[in-house]
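Structure assessment
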Amino acid sequence: MARCRAGATVVVTALALALLGAGQPTLGAPAVPRPAGPPAPNVVLVMMDDMRADDLPWLPTVADDIVARGVSYSHFYAPTALCCPSRASVLRGQYPHNTTILENTEPGGGFAGSLRIDDQTLATWLDPTYRTGYVGKYFNGYESPTQTYIPPGWDAWWGSLHTYAYTNSLTNHDGVPEHDRGPYNSDVFAEQAVDFIESSAPAVEPYFLHLSFVAPHHGPPHTDGDAGRKSPYVPPPFQGTYAGPRFVDTPSFNERDVSDKTGPVADRSRLSWRERKTLALQTAQRREALQASDAAIARVLAAVEASGEGGSTYVLFVSDNGMLLGEHRYRMTKNSPYEASSRLPFAIRGPGLTPGSTVDAMAGTMDVAPTVLDLAGVEPPLELDGRSVVPAEVPPARDDRAILLMASARPTDPENGGEVRSAPRLSVAETPWKYRGLVTARWKLLNWSYHDAWELYDLRRDPDELRNLAGRARWARVESTLQQRFADLWGCAGRACDQ
């Protein structure tokens, strides 16, 4: 591969980006490169795992070198606030109901489910125009120590096989399992990402790197004071350094009155003293793990600068989903439509973007792929559900776009403890739903199967979702209008999703 280009670089950080949704593709269709013009930028997509939007202050490098130097998105959502559905949406530019990856478990979701769609992703669309590389966590179920599978379109592959083992990394490196016992896995991923960048730039061929961290997802070893409770391992330099609030700073924490709720929250007891103590530890260790990973991100950004292409580099940062940490009486929980779980951080840094600016238009994980393709100058071979959300592409007056929210309630296999597999595999049309709804810049409408009832929140006046307005005469017209919007949007594909 020739090494002579001093062209543009794009770094995409996966903390708040949203992938584009789309209808079913024509398999095997190639991506269409942009006509000859200025050198195409490199793209590095960095994604966090279970990071909340309000965790951002505990990543100073991301805050200072990506957010402050670029554009942040204040209304960025995961349609399904769960790992595999979000990751599929990011790679595919589709809503979960179109990727058909609705959960983390096999056979319908997870790695087994990803095999149905991995011949049409960002990697296959960018390749061969781009040199493509993947580092870190892939789909749940990819963790076998003998795993050598490499999805189509990736020229360089470091897929994590011991995903949640923070100090016992095992990587499928281009088809060969490699062990790294001892180092923190964020540092291992950073080293692999730096290797990819140094071997890819400067060069005639631009590159796309998807860097997927595990933090702050819980994982062993349990030698940092968590006594086996679900929290991420924190390496010694960062242990005990957290000095922020013990609990999430929101009025919805351990919500006093949930009588207006129609989902499972309605029957939850208030948090006990012991549960509050656990949440305090989880909050601290999650943010310490993020600080450790922030140091690893700093190494990757430094490598981009050292390549000589930093001035023409786009950086995008996003998370796959957030996490409830005591809000609405939930213990540490994701896969919820409430703000702490479904709203994510998202930011882009790069040439032509105004430093320190904010975009208020609605966006989601299904917008990530279209945005990356737009920055790279590559047209997808199919119509996506999402759209590019770089500021020049977002109509300033358009603040009423609706984002679908959904979570499946597919049955689990009782013979396997309900831990690994879903049974049986169901089509999207046959899927029972835990909840469905939509969110706009002001409103959130939810329908819970729990009581087959609605919740409606005015996020402008009630951002903590404390007062359900559904069923109240004063808000009947708003509720009716949103229910019709939901009916029109549900099951959408392609451009029909952008309304």
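Residues numbered from 1 in each chain as written. Predicted model: local features only at pLDDT ≥ 70, side-chain atom pairs only at ≥ 80, totals over all residues. Heavy atoms only, no water.

Observations regarding the sheet that holds strand 19 (residues 453–458)
Basically, it comes down to this: By definition, two strands form a pair when at least two bridges between them are found by DSSP. Put simply, DSSP H or I for four residues or longer makes a helix, DSSP E for two residues or longer makes a strand, and each gets a number counted from the N terminus. Axis geometry follows a simple rule: fit a line to the C-alpha atoms, using only the stretch in contact for helices, then measure angles between N-to-C directions, giving values from 0 to 180 degrees.
Pairing within the open sheet is antiparallel, and its four strands lie in the order 16-17-18-19. Here the strands that pair on one side only, and so sit at the sheet edges, are strand 16 (403–408) and strand 19. Neighbour to neighbour, the strand axes of the sheet diverge by 15 degrees on average, direction disregarded.

Regarding the packing of helix 1 (residues 60–67) against helix 7 (residues 273–306)
This is how the line gets drawn: In this analysis, two residues are considered to be in contact whenever any of their non-hydrogen atoms come within 4.5 Å of each other. Three residue categories are used. Nonpolar comprises Ala, Val, Leu, Ile, Met, Phe, Trp, Tyr, Cys and Pro, charged comprises Asp, Glu, Lys and Arg, and polar comprises the others, including Gly.
The interhelical angle for the contact between helix 1 and helix 7, taken along N-to-C directions, is 35 degrees, at an axis separation of 8 Å. From helix 1, Pro60, Thr61, Val62, Asp65 and Ile66 reach across to helix 7, where they touch Asp294, Ile297, Ala298 and Leu301. A class-by-class count of the residues in the contact of helix 1 with helix 7 yields six nonpolar, one polar and two charged.

Structural notes on the pattern of salt bridges
Using the following cut-off: Here, a salt bridge means any side-chain nitrogen of Lys or Arg that lies within 4 Å of a carboxyl oxygen of Asp or Glu. Using a 1.4 Å probe on the protein chains alone, a residue whose accessible area is under 20% of its type maximum counts as buried, one over 50% counts as exposed, and one in between counts as partly exposed.
Tallying each qualifying case throughout the model produces 23 salt bridges. With its nearest N and O atoms 2.9 Å apart, the salt bridge here joins Glu383 to Arg495. Taken together, the residues Glu383 in the loop between strand 15 (378–379) and strand 16 and Arg495 in the segment after helix 10 (476–489) connect sequence positions 112 residues apart. Look at Glu383 and you get partly exposed, because its relative accessible area is 36%. Here Arg495 falls in the exposed class, since its relative accessible area comes to 66%. By sharing partners, the salt bridges in this structure join Arg52, Asp54, Asp55, Arg286, Arg287 and Glu327 into a single network.

Notes on the packing of aromatic side chains
Aromatic ring pairs are reported here in terms of the distance separating the ring centres and the angle at which the planes meet. Using the following cut-off: Any two rings among Phe, Tyr and Trp, with Trp reduced to its six-membered ring, count as a pair given centres within 6.5 Å; such a pair is stacked if its planes are under 30 degrees apart, edge-to-face if over 60, and tilted if neither. Lysine NZ or arginine CZ positioned within 6 Å of the ring centre and within 35 degrees of the ring normal marks a charge as sitting over the ring.
For the structure shown, the criterion picks out 28 aromatic pairs. Each member of the aromatic cluster is reached from another via a ring pair, and the members are Phe111, Tyr134, Tyr138, Phe139, Tyr142, Tyr149, Trp154, Trp157 and Phe208. A cation over an aromatic ring shows up here: Arg287 above the ring of Trp58, its NZ or CZ 4.1 Å from the ring centre. The positively charged end of Arg436 is found above the aromatic ring belonging to Trp490, 4.7 Å away from the centroid.

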